[in-house]
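Now for the letters of each chain:
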Amino acid sequence: ASPQAVQRAAVEALRGGEGYPPAATDIYYHRHLRVAGVCNPLWWNVTPPRATFYIWAPVPKGYASISFAGHVLDQVGVHITPGVGFGPHGEGYFRLSVTATDRRLDEALERLKGLQV
């Protein structure tokens, strides 16, 4: 994206984002619900967010955010972002994006079901 496009997006976000297409927000909302529906029965406490295309969740006990991200990638081939990459307050959490296509997201969720912690 061009710098000008990023600036326009930032202005719209600061104005409240009402001009953002409702269809896109619906897509992210339903993806958040799918992620929560898979992750919450496993071991995470995921609350679908209201205004983002990421989900933040705590890492399981015994893991740092980086070691857990590595474990997930090695064991089931799903990339999650360690929270510590966003500063010291992010430690103990990981971030999962819902920007992939529905097919890819469903594939990642199926893989996560097989994760052993």
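Structure: above.
Definitions and limits used
Residues numbered from 1 in each chain as written. Predicted model: local features only at pLDDT ≥ 70, side-chain atom pairs only at ≥ 80, totals over all residues. Heavy atoms only, no water. Helix = DSSP H or I, 4+ residues; strand = E, 2+ residues; numbered from the N terminus. Buried < 20%, exposed > 50% of the residue type's maximum accessible area, 1.4 Å probe, protein only. Contact = heavy atoms within 4.5 Å. Areas by Shrake-Rupley, 256 points an atom, 1.4 Å probe, with all protein chains shown as cover. Lys, Arg positive; Asp, Glu negative; His and termini not counted. Charge placed at Lys NZ, Arg CZ, Asp CG, Glu CD. Expected span 1.5 Å × (residues − 1). Arc of directions from axis to C-beta.

A.B. asks: Would you take a moment to explain the overall build of the protein for this structure?
C.D. replies: When helices and strands are counted, the protein shows 4 helices and 3 strands. Listing every helix and strand of the protein by position from the N terminus yields α-α-β-α-β-β-α. Referenced to the eigenvectors of the C-alpha coordinate spread, the extents of the protein come out at roughly 40 × 30 × 25 Å. Counting over 117 residues, the protein shows a buried share of 27%. Contacts in the protein between residues far apart in sequence, at least 24 positions, make up 59% of those at least 6 positions apart. In the structure as shown, the protein presents an accessible area of about 7500 Å², 57% of it carried by carbon and sulfur atoms. When the 11 basic and 9 acidic side-chain charges of the protein are each reduced to a single mean position, those positions are 2 Å apart.

A.B. asks: What is the right way to look at helix 3 (residues 65-76) in this model?
C.D. replies: Helical geometry note: an α-helix holds 3.6 residues per turn, so side chains three or four residues apart project in the same direction. For helix 3, spanning 12 residues, the distance from its first C-alpha to its last is 16 Å, which sits close to the expected 16 Å at 1.5 Å a residue. Within the span of helix 3, buried status applies to Ser-65, Phe-68, Ala-69, Val-72 and Val-76. Angularly, the buried residues of helix 3 cover 100° about the axis, an arc narrow enough to put them on a single face. With respect to the buried face of helix 3, the exposed residues turned more than 90 degrees away are Ile-66 and Asp-74. Taken together, the buried residues of helix 3 touch strand 2 (81-82), strand 3 (93-97) and helix 4 (102-113). Downstream of helix 3 by one or two residues, Gly-77 has phi in the positive range, about 70°.

Purely spatial values, then, with no claim about function.
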